[in-house]
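Results of the structural survey
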Amino acid sequence: MQGRLDMEGALTARDRVGIQDFVLLDETTEVAVISNLKKRFSKDLIYTYIGTLIVSVNPYKDLDIYNKKQMDVYMGVNFFELPPHIYALADNAYHTMLTEFNNHFILISGESGAGKTEASKKILQYYAVSCPSTTLMNTVRDKMLMSNPVLEAFGNAKTLKNDNSSRFGKYMDIQFDSQGDAVGGHILNYLLEKSRVVHQNHGERNFHVFYQLVEGGSDDLLTQLGLERDVQHYYYLTQGECAIVSSINDKNDWKSVKNALQVIEFDETNTSHLFRVVASVLHLGNVHFDPDSKGHALLKNNTELNWVSDLLGVDANNLKEGLTFRKIEAKTEQVLSPFTIDHAIYVRDALAKAIYGQTFTWLVNRINESMENKDSSRKTVIGLLDIYGFEVFYVNSFEQFCINYCNEKLQQLFIQLTLKAEQEEYEAEGIEWEPVQFFNNKIICDLVEEKHRGIISILDEECLRPGDATDLTFLDRLEEKMGNHPHFVTHRLADKMTRKTLERGDFRLLHYAGEVTYCVVGFLDKNNDLLYRNIKNLVCQSKNTIVRECFSAVDTTNKRRPETVATQFKNSLQKLTEMLMAKEAWYIRCLKSNESKQPGQFDEALIRHQVKYLGLMEHLRVRRAGFAYRRKYEDFLKRYKPLCPATWPHWRGMPADGVELLALHLGYLPDEYKMGRTKIFIRHPRTLYATEDAYEKCKHDLASKLQAKYKGYKVKGEFKKQKEAATKIETCWRGAQARKEKEKRAWAVKVIKKFIKAYINRGEAKSTDNSEYLAFVRQSYLNRLKNNLPKTVLDKTTWLTPPAVLTEASEILRKLHYRLMVRKYVRGIPPQKKAQLQMKVVTSAIFKGKKENYPPSIPQLFLDTRISEQEINIRVLSMIRNEQIKYSVPVIKYDRNGFKPRPRQLILTKTAAYLVEEAKIKQRVSYNSLQGISVSNLSDGIIAIHITCEDPKQKGDLIIQCEHLYEFLTKLSIIANKQDAIKVVQGSIKIQIQSGKENSVDFTTGQEPMVYKAKNGHLMVVATRTRTR
Ligand SMILES: Nc1ncnc2c1ncn2[C@@H]1O[C@H](COP(=O)(O)OP(=O)(O)OP(=O)(O)O)[C@@H](O)[C@H]1O
Ligand SMILES: [Mg+2]
């Protein structure tokens, strides 16, 4: 077991609620132990380890920790990996058994009501659920499970301490085959408390089965058995005055028992005989005696006796005789000696106890037969020992003596096994065994069981010796023999102080668990457990097969007295210890949390008492003696290697060397640890805790580091992947791009080549070589042109120079464009302006580029007239009205002779021009006679109007000066339709003065404008130069 010690789970969980393993307590004091138990109990953690031993505290409430899910959790899991649980122990025992193919036993101890039977049932259920199974095995399994209700009905009873108290010791072997199937079972029973059949203390009951039968049995059955459905009717059921209790449902339990009997294959005969025995005991209890005149016992009522004889199948008279007389065999004749009433009752009760006790054993045997595995292949077993713990009552009797003796034996067994296991491990590991200080209780075991000198021997002697041996003579003998034994005291032997605590009929044993005072009353009787021979003979011939079987085994002809109860018990214990010594031990120590069976109550005093009586401290000390912790080098290294740079992350050398380095690095002192062959041994838990704390911290750091590294690694990986992907995409993309580029280039080269060739041939006629180029040139020119068209009509410079191919087209386009612009412009012109412009066009046609002051005249608007009709003399008007006046303008007229300037009005009508001075028309020039008009090219305003000379009415050419020369001449040319008649001349103008007489008007430029008659008789006109823009 030690070898499998694995405390990691416990270590990791140590701070959760108390400490999961007492071995790891820093202080091994009772106070620390109890406080740890209490802390855990308050959180419903009822299990705590001492190494592989489980301490269990009865919670007195249902905890949700026994379900299938929990079973699964504990299945196949290392002992210390999970919180302590009875399943962990069951599972480890099972797996060790399978792997090591050896036998195991689980010792469940504790005082009455501490939970032993519950624990054993839980283990059995665990195996039933978790072991592999076949249909065949299932029936065995069911039988094993079902043996419990039957044995509990017959062997359990309500006591003051426990409503379902087991009144017998039970050892059950569960047999497994090599596959781990539960294939069979076997039960050994110890020391049934038979006295309960005939007597119960106040508040206690007889064995459950009696009540179950009376309460639950069918009417038919009760009639057959002669029973009344009233527990109060039976003396054996009512002494405790609590036949009916609310916590027990006898009716239901009866059903379970009947069902269980079927499962364990009890046939009808057996079942019926079994119930007959039970009923016979009830009837026996109601057999009462009356004294006769001499005080001898007389049977009062034959009905009950008849029922007993009927149920047991014995002769009623013989029975009657057996109950009231003792048969003394003297030589050849038999003498009947009548009993006193007390004696008769004693015999009656003895018979009841004997029948019931034997039937119980028979029942166990039958169950064993039913669970027996007949296959002879080798089996391994796990034994479950549910045995009474130390008992200390106010008055302790023979039963307590036996029970406490049993506990002494088991304690001895435990010490031997534990020490042996420890010692063996030390030896195996080559570590020097350090003697462990512990109390060896062999001295007490010897005190009880030693041949000839032990208490049992003395008791037997007293029982067997002739003469009137009594309980008190037995006490005397004890005092004689044990007088100075350190563990034995009586009233007489005690010192003054102790004597006060002892009665005269008491003896006190100083058990390993504490002192217990026994009252000797009843010791001899209980030890003898005698059944008189005539009664014995009677039951031997019983027609009830069970009874017959039970008693015929006892050889009645053998005159030697049968073994006493104590000796039988001693021998069975001896056998049990021998059997257990050959097995590996597992322990469950059950503690009762309080006396009142209440959940959530932790009675410290009661717990302290049990901790002491169960020898928990002793156990802890043995487990802690020497070294508290040991681990295989590999495992130790595996867990703690991160703590030392030399061993982290890998230790390549021998594990032991690695651990040594680790220990040195951690600063273990030489006394604190030992290096075994395969394991390191650590003396104190605190050393381990320090290591574990360091480990936790380091684990944390390490985890962060690992996490960071892992994250880094992951991110890096991711990045690498992404980068690779990106590169790949990039490569593909670039490839695609390059291919595209290449294509583009090839295309470009082709295009450029073509372009160049076309460019070279651009002047040629359209051919395949240049057609595209030309088209392109055209298109591109047109596109450019579109965006660069002149915006106004006047803009003549903006037109883009066309390529050769488009010269013509460009010109057409240009014109078109201008026309368009002009059209647009013209369309936008108002009629007045249009008329004006039309006139200006005429002006332009006549003068543009010819007369110097023409350009500055352009912007000056032409008016309709310069003289309104109101300004014209009315006479003149009346004279020319019919001709329609078109235009009038003031002028200066130069005389033909002398060139005297005279201001005149010039009026243009439809047909002629009139020169008017006030009311006189000085001259009328019909347009028909208008030969021509001359003006100079300079900036003067002189106009020579040439008139046909043949006309006698005409006085020669007319010289006038007009401020509005262009306006006047334009109007005149339009009205008279004489555009072509106007001449622009340079130098001088010849004029006709009279017919045949000429003169000249000479034009020149000068500083000041002047008009005068020159010396040569010519009219001299000086004009200033007009600066052209
Ligand atoms: N693990 C448990 N969970 C809940 N209740 C429990 C547990 N163990 C014991 N009990 C309660 O305690 C009662 C007594 O338990 P049990 O009969 O097992 O005691 P015992 O130790 O066998 O006593 P005895 O020596 O008298 O036979 C049970 O009937 C049950 O009510
Ligand atoms: Mg029990």
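Attention here is on the structure that accompanies the text. Since this is a predicted model, take the numbers as computed values, not measurements. (Residues numbered from 1 in each chain as written. Chains lettered and ligands numbered in written order. Predicted model: local features only at pLDDT ≥ 70, side-chain atom pairs only at ≥ 80, totals over all residues. Heavy atoms only, no water.)

Attention now moves to the nonpolar core. Counting 206 residues, the largest nonpolar core has Ile 106, Tyr 127, Phe 210 and Phe 507 as its most contacted members. With 15 residues, helix H15 (residues 341–371) is the largest single contributor of residues to this core. With near-sequence residues (within four places) excluded, Ile 106 lies in contact with Leu 89, Ala 93, Ile 123, Tyr 127, Ile 382, Gly 383, Leu 384, Leu 385, Trp 586 and Ile 588. By size, the runner-up hydrophobic cluster in this structure holds 31 residues, among which are Met 839, Leu 908, Ala 913 and Cys 962. (Core = buried A, V, L, I, M, F, W, Y, C linked by side-chain atoms within 4.5 Å. Buried < 20%, exposed > 50% of the residue type's maximum accessible area, 1.4 Å probe, protein only. Helix = DSSP H or I, 4+ residues; strand = E, 2+ residues; numbered from the N terminus. Contact = heavy atoms within 4.5 Å.)

Under the defined criterion, the tally for this structure stands at 35 aromatic pairs. Plain terms: the ring middles of Tyr 640 and Tyr 695 are 5.5 Å apart, the flat faces sit at 85° to each other, and that makes the pair edge-to-face. With Tyr 640 in helix H27 (residues 633–640) and Tyr 695 in helix H29 (residues 685–760), the pair connects residues that are 55 residues apart, well separated along the chain. Among the aromatic side chains, those forming a connected cluster through ring pairs are Phe 398, Phe 401, Phe 474, Phe 488, Phe 507, Tyr 518 and Phe 523. Note that Arg 205 overlies the ring of Tyr 211, its terminal NZ or CZ placed 3.9 Å from the centroid. (Phe/Tyr/Trp six-rings, centres within 6.5 Å; stacked < 30°, edge-to-face > 60°. Lys NZ or Arg CZ within 6 Å of the ring centre and 35° of its normal.)

For the rest of this paragraph, the subject is helix H17 (residues 442–449). Every buried residue belonging to H17 is among Ile 444, Cys 445, Leu 447, Val 448 and Glu 449, and all of these are buried. Those residues of H17 hidden inside the fold are in contact with helix H16 (398–429), helix H18 (455–464), helix H19 (471–482), strand S13 (488–490), strand S14 (506–511) and helix H24 (565–581).

For the magnesium ion (ligand 2), the full set of protein donor atoms is Thr 117 (OG1) and Ser 166 (OG), at a range of 1.9 to 2.0 Å. With Thr 117 in helix H5 (residues 116–130) and Ser 166 in strand S5 (residues 165–166), this pair connects stretches of sequence that are 49 residues apart. Exposure class is identical for Thr 117 and Ser 166. Each is buried. (Donors = N, O, S within 2.8 Å, 3.2 Å for Na, K, Ca; no water.)

Okay, the sheet that holds strand S31 (residues 1019–1023) next. Across the sheet, 4 strands lie side by side as S28-S29-S31-S30; this open sheet has mixed pairing. Of all strands in the sheet, those bounded by a partner on one side alone are strand S28 (988–994) and strand S30 (1010–1013). Within the sheet, the average angular offset between the axes of one strand and its neighbour, ignoring direction, is 20°. Inspection of the sheet shows strand S29 (residues 997–1005) paired to S31 by 5 bridges, in the parallel sense. (Pairing = 2+ DSSP bridges. Axes fitted to C-alpha atoms, helices over the stretch in contact; angles between N-to-C directions.)

Below, the discussion takes up the state of the cysteines. One pass over the full model with this rule turns up 0 disulfides. As a non-bridged cysteine, Cys 463 has Cys 402 as the owner of its nearest cysteine sulfur, 11 Å distant. Unpaired in terms of disulfides, Cys 644 finds its nearest cysteine sulfur in Cys 698, a separation of 11 Å. Owing to a relative accessible area of 3%, Cys 644 belongs among the buried residues under this scheme. (Disulfide = S-S within 2.5 Å.)

As a further point, take the packing of helix H11 (residues 250–263) against helix H12 (residues 268–285). Across the interface, H11 lies against H12 with an axial gap of 11 Å and an inter-helix angle of 140°. Our classification of the angle between H11 and H12 gives oblique. With respect to the hand of their crossing, H11 and H12 are arranged in right-handed fashion. Seen from H11, the contacting residues are Trp 254, Lys 258 and Leu 261; seen from H12, they are Thr 271, Leu 274 and Phe 275. Across the contact of H11 with H12, the residue classes break down as 4 nonpolar, 1 polar and 1 charged. (Parallel < 35°, antiparallel > 145°, perpendicular 65-115°, else oblique. Left-handed = near helix turned anticlockwise from the far one by under 90°. Nonpolar A, V, L, I, M, F, W, Y, C, P; charged D, E, K, R; others polar.)

The grouping of Lys 496, Arg 499, Lys 500 and Arg 504 at the surface amounts to a positive patch. Position of Lys 500 among the secondary structure elements: in the loop between helix H20 (496–499) and S14. (Patch = residues over 30% accessible without salt bridge, like charges linked within 9 Å, V, L, I, M, F, W, Y side chains within 5 Å. Areas by Shrake-Rupley, 256 points an atom, 1.4 Å probe, with all protein chains shown as cover. Salt bridge = Lys/Arg side-chain N within 4 Å of Asp/Glu carboxyl O. Lys, Arg positive; Asp, Glu negative; His and termini not counted. Charge placed at Lys NZ, Arg CZ, Asp CG, Glu CD.)

Locating Leu 785 in the fold gives a position in helix H30 (residues 771–787). Note: C-alpha distance between Leu 785 and Pro 802 (17 residues apart in sequence) is 9.0 Å. Contacts of Leu 785, omitting those with residues within four sequence positions, involve Trp 799, Leu 800 and Leu 813.

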